[in-house]
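Chain and residue survey
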Amino acid sequence: MTTLPSGRPADPSAPLPRFPANFLWGVSTSATQIEGAVREDGRGPSSWDAFAAEPGRIKDGSDASVAADHYHRYPEDVALLKDLGVGGYRFSVSWSRVLPEGAGPVNKAGLDFYDRLVDALCEAGVRPVPTLFHWDTPLALEERGGWLERDIAYRFAEYVDVVAERLGDRVGRWITLNEPAELTMLGHALGDHAPGRRLLFDAVPVAHHQLLAHGLAVDVLRSRGSGSIGIANSHGPTWAASDSEADRGAADFYDLLLNQLFADPLLLGRYPEGIAEMLPGPVEEDLRLISQPLDWYGVNYYQPTRVGAPDPAVSAHFAGIRIPPEMPFSLHPVEGYPHTAFDWPVVPSGLTELLVAFRDRYGDSLPPVVITENGCSYEGIDDQDRIAYLDGHLRALHDAMEAGVDVRGYFVWSLMDNWEWAQGYAQRFGLVHVDFADGSLTRTPKASYGWLRDALRAQK
Ligand code: BGC
């Protein structure tokens with residue numbers, strides 16, 4: 001039996017603690033990573049289609065044109081959700097499937113797909129929880145400057161209105177954006193994700209324009225009668241590499257980027273200190289929109305980060321991406337913990353630490369929390385490591401709730417193996433195995449799927 005570093009032995013055969021009766025259990029996916037059918041039924045190209053076509057961008061040279069072919073196989077995938085016994089399914093809507101040019105004419109066939117999916121979910125008794133943007137910017141907008149331009153926030157609001165008009169009668173919960181921090185950092189500051197820009201701190205306007213898009217979308221959704229709106233932000237504890245002043249300063253700065261740059265404007269209506277001069281102009285008016293009350297706050301948690309002062313000799317990475325020497329920090333390996341196949345440290349207690357720290361930092365300004373992503377990459381169908389991972393994180397989540405953090409739901413990343421962005425098909429995050437190797441795309445539930453199904457039954 002492995003001992004997880006929280007000091008608690010991982011014994012996934014022991015029952016989980018009881019979660020509240022109305023706790024929302026779910027799994028997550030995103031459009032680019034599973035749908036495929038990128039040239040079908042009038043879908044327009046996205047930033048990720050273009051990025052994957054550039055040589056050397058994707059580790060295994062693959063693209064997402066077929067992915068898990070969910071576009072055609074969604075009935076089978078909905079049946080898997082039903083058997084799993086989850087109450088909610090978080091998926092994303094592809095903007096360029098609905099508006100092939102990002103703005104202008106609506107592609108009815110694209111919207112029809114989400115309509116069918118939502119109907120199938122409702123029929124299966126699984127609540128649809130759509131994310132309106134999970135990184136796949138319509139290429140036509142990207143070519144006009146994308147998220148560096150303020151205009152895109154208004155185009156996003158128009159798109160949200162189209163989707164809400166069509167699905168709003170059956171969708172009760174919406175997520176505006178997924179991880180704006182990653183689109184800013186990985187996509188625009190470091191260039192390892194689409195659209196591949198390396199702007200370093202000149203990428204900060206991308207953060208603001210996404211937040212503005214979020215605020216405008218909240219207005220649209222409210223005007224369409226939606227009573228439950230959240231956002232999915234990635235967060236994690238930031239640990240200083242040593243006690244030295246330089247390391248602690250670098251860790252504080254990293255914490256600001258990962259944990260405050262998006263949460264402060266949303267929850268407190270202001271940017272953290274030190275950011276003002278990088279913003280694209282006066283933002284007071286925008287902040288009023290951005291900080292409208294949310295019904296819940298989504299947290300994607302994967303791992304803590306150990307951060308030190310800049311040091312070219314240190315070469316840890318963030319999500320597989322090396323940090324360039326121009327950045328005012330370096331990332332250090334998190335040692336003494338098990339690691340996933342993606343080499344991410346497995347630290348369940350980091351989830352408790354993060355949530356308690358968030359509650360302490362934001363107090364009454366923090367709405368109820370939903371864990372919108374948590375999961376791990378491992379090979380194989382008999383994935384005992386994933387079971388230990390989920391078991392440990394659910395216990396850690398329960399610890400946070402016992403410590404008084406109001407948590408209302410938990411979504412596993414991910415329902416099935418998928419196209420893991422710049423990693424291609426090399427990392428498997430699914431509860432369900434997908435056969436990419438033989439091209440059959442056969443779905444095979446892994447041991448972790450059975451474990452979660454049993455754990456959810458035991459909660460009833
Ligand atoms: C993203 C997912 C991704 C997962 C694992 C999150 O940052 O929202 O799309 O697959 O992490 O890397």
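Treat the numbers as computed from the prediction; the structure is a model and nothing was measured.

Of regular secondary structure, the protein chain possesses 15 helices and 15 strands. Relative to a compact globule of 460 residues, whose C-alpha radius of gyration would be 23 Å, the protein chain shows 21 Å and is just as compact. Its C-alpha atoms give the protein chain principal-axis dimensions of about 55 × 55 × 45 Å. Considering the protein chain as a whole, with its 460 residues, one finds that 63% of them fall into the buried category. Restricting the contact set of the protein chain to residue pairs at least 6 apart, pairs at least 24 apart contribute 78%.

The three strands lie next to each other as β6-β8-β11, forming an open sheet whose pairing is mixed. The open sheet has two edge strands with one neighbour each: β6 (238–240) and β11 (330–332). Geometrically, the sheet is characterised by an average inter-axis angle of 45° between neighbouring strands, direction not taken into account. Pairing of strand β8 (residues 305–308) with β11, which is carried by three bridges, proceeds in the antiparallel orientation. Paired with Gly-308 across the strands is Ser-330, a residue of β11. Running at roughly 170° to β6, helix α10 (residues 245–260) makes contact with β6, β8 and β11 of the sheet.

Turning our eyes to something else, we now look at the pairing of strand β1 (residues 24–28). If a strand is regular, its side chains alternate between the two faces of the sheet. Among the five residues of β1, five are classified as buried, and the element is accordingly described as predominantly covered. Every second residue of β1 is oriented toward a common face, with Leu-24, Gly-26 and Ser-28 on one face and Trp-25 and Val-27 on the other, all of them buried. Note: β1 against strand β13 (residues 407–413), five bridges, orientation parallel. Bridge assignment links Leu-24 to a residue of β13, and that residue is Gly-409. Note: β1 against strand β2 (residues 88–92), three bridges, orientation parallel. Looking across to β2, one finds that Ser-28 is bridged to Arg-90.

Tallied over the entire structure, the rule returns six cavities of 30 Å³ or more. Here the largest cavity is characterised by a volume of approximately 110 Å³. Taken together, Thr-184, Met-185, Ala-189, Leu-200, Phe-201, Ala-203, Val-204, Leu-257, Leu-261, Phe-262 and Met-327 form the lining of the largest cavity. Considering every element that reaches the lining of the largest cavity, the biggest residue donor is helix α8 (residues 180–189), with three residues. Looking at side-chain class alone, the lining of the largest cavity contains ten nonpolar, one polar and no charged residues.

This next bit is on the nonpolar core. In summary, soluble globular proteins display a tendency toward joint burial of nonpolar side chains. Counting residues in each nonpolar core, the largest one holds 149 residues, and the members touching the most others are Phe-156, Tyr-159, Tyr-297, Leu-355 and Leu-397. For this core, the leading source of residues is helix α9 (residues 204–223), giving eleven residues. Core analysis: the next-biggest nonpolar cluster, separate from the first, contains seven residues, Leu-24, Val-129, Ile-175 and Val-370 among them.

So, about the pattern of salt bridges. Side chains that carry opposite charge are capable of pairing whenever their charged atoms lie near each other. This structure, assessed with the given rule, holds 26 salt bridges. In this structure, Asp-286 and Arg-150 form a salt bridge, with 2.8 Å as the shortest nitrogen-oxygen distance. Of this pair, Asp-286 sits in helix α12 (residues 284–290) while Arg-150 sits in the loop between α6 (139–142) and α7 (151–167), and the two are 136 residues apart along the sequence. Connected via shared salt-bridge partners are Lys-108, Asp-112, Asp-115, Asp-119, Arg-166, Asp-169 and Arg-170.

A few words now on the layout of surface pockets. Here the second largest pocket defines a volume of roughly 370 Å³. Lining the second largest pocket are 20 residues, with Ala-21, Asn-22, Phe-23, Leu-24 and Trp-25 positioned closest to its centre. If you list the elements that add at least two residues to the lining of the second largest pocket, you get β1 and α15 (447–459). Of the residues assigned to the lining of the second largest pocket, the class counts are nine nonpolar, six polar and five charged.

A few words now on the site of the ligand. Neighbouring residues of the ligand: Gln-33, His-134, Trp-135, Asn-178, Glu-179, Tyr-302, Trp-344, Glu-373, Trp-413, Glu-420, Trp-421 and Phe-429. The contact in question runs from an oxygen atom of the ligand to an N or O atom on the side chain of Asn-178, over 2.9 Å. Across the complex, the protein chains shield 94% of the 310 Å² of accessible surface that the ligand would expose by itself. Tallied by class, the residues present in the shell around the ligand amount to six nonpolar, three polar and three charged.

Here we come to the packing of aromatic side chains. Under the counting rule described, the total for this entry stands at 32 aromatic pairs. Aromatic pair Phe-133 and Trp-147: ring centres 5.2 Å apart, planes at 45°, arrangement tilted. Of this pair, Phe-133 sits in strand β3 (residues 127–133) while Trp-147 sits in the loop between α6 and α7; the two residues are 14 residues apart in sequence, bridging distant segments of the chain. This pair shows no difference in class: Phe-133 is buried, exactly as Trp-147 is. Note on Tyr-297 and Phe-358: the rings are 6.0 Å apart at their centroids and 35° apart in plane angle, and the pair reads as tilted. Taken together, the residues span a long stretch of sequence, with Tyr-297 in strand β7 (residues 297–300) and Phe-358 in helix α13 (residues 349–362) at a distance of 61 residues. The pair formed by Tyr-297 and Phe-358 is uniform in burial state, with each residue classed as buried. The ring centre of Phe-113 lies 6.0 Å from the NZ or CZ of Arg-97, which sits over that ring.

Residues of the protein chain with pLDDT of at least 70 account for 97%, and the chain-wide mean is 95. This stretch, residues 1–9, has a pLDDT under 50; its non-local contacts, to residues over four places away or in other chains, come to 20 contacts.

An ideal rise of 1.5 Å per residue puts 20 Å on 14 residues; α13 measures up with 20 Å between its terminal C-alpha atoms. Residues of α13 that are buried include every one of Gly-350, Leu-351, Thr-352, Leu-354, Leu-355, Phe-358 and Tyr-362, and no others. On the buried face of α13, the contacting elements are α10, α11 (263–268), β7, β12 (369–373), α14 (384–402) and β13. After α13 finishes, the residue Gly-363 shows a positive phi value of roughly 50°.

Conventions used here
- Residues numbered from 1 in each chain as written.
- Predicted model: local features only at pLDDT ≥ 70, side-chain atom pairs only at ≥ 80, totals over all residues.
- Heavy atoms only, no water.
- Helix = DSSP H or I, 4+ residues; strand = E, 2+ residues; numbered from the N terminus.
- Rg over C-alpha atoms; globule rule 2.2 N^0.38 Å.
- Buried < 20%, exposed > 50% of the residue type's maximum accessible area, 1.4 Å probe, protein only.
- Contact = heavy atoms within 4.5 Å.
- Pairing = 2+ DSSP bridges.
- Axes fitted to C-alpha atoms, helices over the stretch in contact; angles between N-to-C directions.
- 1 Å grid on protein atoms, 1.4 Å probe; cavity = no way out; pocket = protein on both sides within 12 Å on 5 of 7 lines; lining within 4 Å.
- Points joined across faces, edges and corners; volume = space filled by probe spheres on them.
- Nonpolar A, V, L, I, M, F, W, Y, C, P; charged D, E, K, R; others polar.
- Core = buried A, V, L, I, M, F, W, Y, C linked by side-chain atoms within 4.5 Å.
- Salt bridge = Lys/Arg side-chain N within 4 Å of Asp/Glu carboxyl O.
- Near = heavy atom within 4 Å.
- Polar contact = N/O pair within 3.5 Å; in protein donor to acceptor, adjacent residues only side chain to side chain.
- Areas by Shrake-Rupley, 256 points an atom, 1.4 Å probe, with all protein chains shown as cover.
- Phe/Tyr/Trp six-rings, centres within 6.5 Å; stacked < 30°, edge-to-face > 60°.
- Lys NZ or Arg CZ within 6 Å of the ring centre and 35° of its normal.
- pLDDT = per-residue confidence, 0-100.
- Expected span 1.5 Å × (residues − 1).

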